[in-house]
Amino acid sequence: QVQLVESGGGLVQAGGSLKLSCSASGSIRLNAMAWYRQAPGKQRDLVAAITIAGSTNYADSVKGRFTISRDNAKNTVYLQMNSLKPEDTAVYYCNARNVRSAFDSWGQGTPVTVSS
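Residues numbered from 1 in each chain as written. Predicted model: local features only at pLDDT ≥ 70, side-chain atom pairs only at ≥ 80, totals over all residues. Heavy atoms only, no water.

Peer 1: I'm lost on the sheet that holds strand S3 (residues 18–24) in this one. Help?
Peer 2: Strand pairing in a sheet is mediated by backbone hydrogen bonds. Such pairs are either parallel or antiparallel. As summarised here, the arrangement of the four strands in space is S1-S3-S8-S7, forming an open sheet in which the pairing is antiparallel. Bordering the open sheet on either side are strand S1 (4–7) and strand S7 (66–71), each of which pairs with just one other strand. Averaged over neighbouring strand pairs, the angle between their axes works out to 15 degrees when direction is ignored. (Pairing = 2+ DSSP bridges. Helix = DSSP H or I, 4+ residues; strand = E, 2+ residues; numbered from the N terminus. Axes fitted to C-alpha atoms, helices over the stretch in contact; angles between N-to-C directions.)

Okay, structure coming up:
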């Protein structure tokens, strides 16, 4: 079980970029990592995920614009977001799932607002 802290959210104009970070309190080496987002009044949806081997997958809505990466040495996962759109506005949450125990850890979320 790790504690997760997201950072990097904020207000940006459409077409701009942001890079989110998720710092873990311990090793993420045995955790599949992911970013989710939840817009007001909507369910929490998967944005991007990265396995312990480094394989990635993305929601169709962000493919080609967002990139997830991990740095196990720093116990940190990143989400580079480019060409942002107003519909990307949401609170972004980091998730860690231990591949042995299947235990899920969540961060507190970081808000992203994209103005048109």
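Additional details are given in the paragraphs that follow.
Peer 1: What should I look at first to understand unusual backbone geometry in this one?
Peer 2: Peptide bonds are, in most cases, trans, and in most cases residues other than glycine have a negative phi. Here Asn 75, not a glycine, exhibits a phi torsion of approximately 55 degrees, which is positive. Position of Asn 75 relative to the elements: it lies in the loop between S7 and strand S8 (76–81). The residue Ala 102 is not glycine, and still its phi comes out positive at about 65 degrees. Looking at the secondary structure, you find Ala 102 in the loop between strand S9 (90–98) and strand S10 (104–106).

Peer 1: Would you take a moment to explain the nonpolar core for this structure?
Peer 2: Soluble globular proteins tend to pack their nonpolar side chains together in the buried interior. If you look at the biggest cluster of nonpolar residues, it comprises 27 residues, and the most contacted ones within it are Met 33, Trp 35, Leu 79, Met 81 and Tyr 92. Those elements that place two or more of their residues in this core are S3, strand S4 (31–38), strand S5 (44–50), S7, S8, S9 and strand S11 (110–115). (Core = buried A, V, L, I, M, F, W, Y, C linked by side-chain atoms within 4.5 Å. Buried < 20%, exposed > 50% of the residue type's maximum accessible area, 1.4 Å probe, protein only.)

Peer 1: Even after reading the chapter, I still don't get the packing of aromatic side chains, so can you show me in this structure?
Peer 2: For any two aromatic rings, the description comes down to two numbers: the centre-to-centre distance and the angle of the planes. Counted according to the given criterion, the structure contains one aromatic pair. Directly above the ring of Tyr 93 sits Arg 44, whose terminal nitrogen or CZ lies 3.6 Å from the centroid. Above the plane of the ring of Trp 106 lies Arg 44, whose end atom (NZ or CZ) is 4.8 Å from the centre. (Phe/Tyr/Trp six-rings, centres within 6.5 Å; stacked < 30°, edge-to-face > 60°. Lys NZ or Arg CZ within 6 Å of the ring centre and 35° of its normal.)

Peer 1: I would appreciate a short explanation of the environment of Met 81 in the present structure.
Peer 2: Assignment of secondary structure puts Met 81 in strand S8. Here Met 81 falls in the buried class, since its relative accessible area comes to 0%. If sequence neighbours within four positions are ignored, Met 81 has contacts with Gly 16, Ser 17, Leu 18, Leu 20, Arg 65, Phe 66, Tyr 92 and Val 112. (Contact = heavy atoms within 4.5 Å.)

Peer 1: What should I look at first to understand the environment of Ile 52 in this one?
Peer 2: Residue placement: Ile 52 occurs in the loop between S5 and strand S6 (56–58). Linking Ile 52 and Arg 70, residues 18 residues apart in sequence, is a C-alpha distance of 9.0 Å. Ignoring sequence-local partners within four residues, the contact set of Ile 52 consists of Arg 29, Leu 30, Asn 31, Ala 32, Arg 70 and Val 99.

Peer 1: Is there a simple way to explain the pattern of salt bridges in this structure?
Peer 2: For side chains of opposite charge, pairing can occur when their charged atoms come near one another. Applying the stated rule across the entire model yields four salt bridges. A salt bridge links Asp 88 to Arg 37, with the nearest nitrogen and oxygen atoms 2.9 Å apart. In this pair, Asp 88 sits in the loop between S8 and S9 while Arg 37 sits in strand S4, placing the two residues 51 residues apart along the sequence. With respect to burial, Asp 88 and Arg 37 carry one shared label: buried. (Salt bridge = Lys/Arg side-chain N within 4 Å of Asp/Glu carboxyl O.)

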